Amino acid sequence: MGQATKANKLAALPIFFAFLCMGFGDVVGPLTSQVQEAFKLSNFAAGLLTFMGFIMFGLLSIPMGLIQDRIGKKKVLIYGLVIALVGLILPIIGQFSSFVILLVSILLLGAGATCLQVAGNPIMRDVSPEGKYSRNLSLGQFVKAIGSLSGSLIPLVAGRYFGLDWKVLFPIYAVLIALTIVYILLTKVEEKKSDENAKPATLSSCLSLLTNGYILAMVMGIFLYVGAEVSMSSKLPNYLADVFNYDITKLGLLGTLFFFISVMAGRFFGSIILNWMSPKKFLVLTTILSIAGNLLLFIAPSEMVAFIAIFIVGFGFANIFPLIFSITVDSLPEKANEISGLMVTAIIGGAFVPLAFGVVADMTNNIVAGFAVPLVCLLYILAIAFNKRKA
C-alpha cells in the first residue's frame, strides 16, 4: 500500500506541471490589451485574439476525448504540450513582427490548452489515491491558476525591472513546456480502465450523454461558469476605470491580477477543505460565496470595498470548475473520456457569455449592470449544486 501511494505521488508531480502549462492558455486575457496597443489594433481585431484562444475548445474537445479513449490520456497530454510549444515558438522566430502569426500562435496555444484540459482533468483521477480526486483536481487547478496569474504578473515585473514587455512570456513559457514534456515522457502513469471489455468511445456515445438530464445540466454549469469567469477577469479593469477612475493602461490590470491571486488562494485552500468536506457541500458553499462577492460589486462605495468584492468573487470562483468536473466524472466514471470531452467543449462559454455581458453594459450604458450576467450564471450553478440527482 505504501509503495502504491508513493508511486501515485511520483506520477502526480508531472501532471501538476501539466496543469501549470495549462494555465498559460489563459494569457490571452491579459495579453489582449497589450497586443492591441503594440499593433494599434481596432477593438474588433483585438477581439480576434480572445476568439482564437477559445474556439479550439469548441472544435477539438470532443474529438480529442474520443482519440484519448483509444490512445490514452498521457499521449494526448504530450500532444497538447507539443502543439502549445510550436505555437509559442512561431512568433519568436518571426520576431513578433506579424499580427497574423501571433493569431496563429494563440490558436495553437488554445489547441494545446484544449488537449491539456481534455487529458489532464481525468488523468488526475488515475494518479490520485482513492477518494482524493476532487482534492487533487482542486490542487491542480490551484497550480493552473499560478500559470494564469503569470500572464499578468511577468509582464509587470519584466517591464518595471528589466525594461521588457509582454513578448518575454513566449520564451519563458516555451522553456517550461519543453521541460514538462521531458518530465512526463520519463514518468510511468497507470491509466485506469473501468471496463476492459467496454467499446471505444464514439461521437454518438459522447453526444448521447447529453440526453441524460444530469450530465447536460452539469455541462451547462461549466459553460456558464467559464463564461462568468472570463467576464470577470476581462471586465474588472473597465469596472475600476469607470467606477473609480483608474488609468486602465497603468493600473487597470490590477483588477485582473488581484482576481487571479484570489482564485489561486481559493484553489489552495479548497484542496485542504476537500480533505474533510464532501465535494457537493463545498460546491454549494463556494457558489454562495461567489454570489455574495458579485452582489457586493454593485454597491461597493469605495475602492477598498471593491477589491474586497473582487477577492470574494475570485475566492468563491476558484473551485467551481474542478468540483463540477469531478462530481460529474465520479457519477459515471466509465464515461470519463466522453464527459471530459463534453466538459472541455463547454469552456467555449468563455467566448459567448462575455458577449452577453457587453450587450447588457451597452444597453444600459453602465458597466456595473453587466455584472448581472455572471450573477445569473452563478444562480444557475447554485441550482445544480443543490440537485441531488446522479447520472
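Cut-offs used in this document
Residues numbered from 1 in each chain as written. Predicted model: local features only at pLDDT ≥ 70, side-chain atom pairs only at ≥ 80, totals over all residues. Heavy atoms only, no water. Patch = residues over 30% accessible without salt bridge, like charges linked within 9 Å, V, L, I, M, F, W, Y side chains within 5 Å. Areas by Shrake-Rupley, 256 points an atom, 1.4 Å probe, with all protein chains shown as cover. Salt bridge = Lys/Arg side-chain N within 4 Å of Asp/Glu carboxyl O. Helix = DSSP H or I, 4+ residues; strand = E, 2+ residues; numbered from the N terminus. Buried < 20%, exposed > 50% of the residue type's maximum accessible area, 1.4 Å probe, protein only. 1 Å grid on protein atoms, 1.4 Å probe; cavity = no way out; pocket = protein on both sides within 12 Å on 5 of 7 lines; lining within 4 Å. Points joined across faces, edges and corners; volume = space filled by probe spheres on them. Nonpolar A, V, L, I, M, F, W, Y, C, P; charged D, E, K, R; others polar. Contact = heavy atoms within 4.5 Å. Polar contact = N/O pair within 3.5 Å; in protein donor to acceptor, adjacent residues only side chain to side chain.

Moving on, we get to a nonpolar patch on the surface. A contiguous nonpolar patch, built from Val82, Val86, Leu90, Val100, Ile101 and Val104 and spanning about 430 Å² of accessible area, is present on the exposed surface. Elements with a contribution of two residues or more to the nonpolar patch: α4 (73-93) and α5 (99-126). Inspection of the secondary structure assignment puts valine 100 in helix α5. Residue valine 100 is classed as exposed on the basis of its relative accessible area, which comes to 56%.

One pass over the structure, following the stated rule, counts two cavities of 30 Å³ or more. By volume, the largest cavity amounts to about 50 Å³. Around the largest cavity sit Tyr214, Met218, Lys280, Leu283, Ile327, Ile384, Ala385 and Asn387, which together line it. Sorting the residues of the lining of the largest cavity by element identifies α9 (213-244), α11 (279-299) and α16 (372-385) as the ones contributing at least two each. When the residues that make up the lining of the largest cavity are grouped by side-chain class, the tally is six nonpolar, one polar and one charged. Each pocket or cavity is described by its volume, and for the second largest cavity that value is around 30 Å³. If you trace the second largest cavity, you find it lined by Pro91, Gly94, Phe96, Ser97, Ser98, Ile101 and Leu102. Looking at the lining of the second largest cavity residue by residue, the classes come out as four nonpolar, three polar and no charged.

Before going further, it helps to spend a moment on the environment of serine 271. Relative to the assigned elements, serine 271 resides in helix α10 (residues 253-273). Judged by its relative accessible area of 6%, serine 271 falls in the buried class. Sequence separation of serine 271 and leucine 137 is 134 residues, and the distance between their C-alpha atoms is 7.9 Å. Non-local contacts of serine 271, meaning those with residues more than four positions away in its chain, are made with Arg135, Ser138 and Leu139.

The next point concerns the side chain of asparagine 319. Along the chain, asparagine 319 falls in the loop between α12 (303-317) and α13 (320-331). In this structure asparagine 319 comes out as buried when scored by relative accessible area, which is 1%. Within the structure, the side chain of asparagine 319 is placed 3.0 Å from the backbone oxygen of glycine 266, a separation counted as a polar contact.

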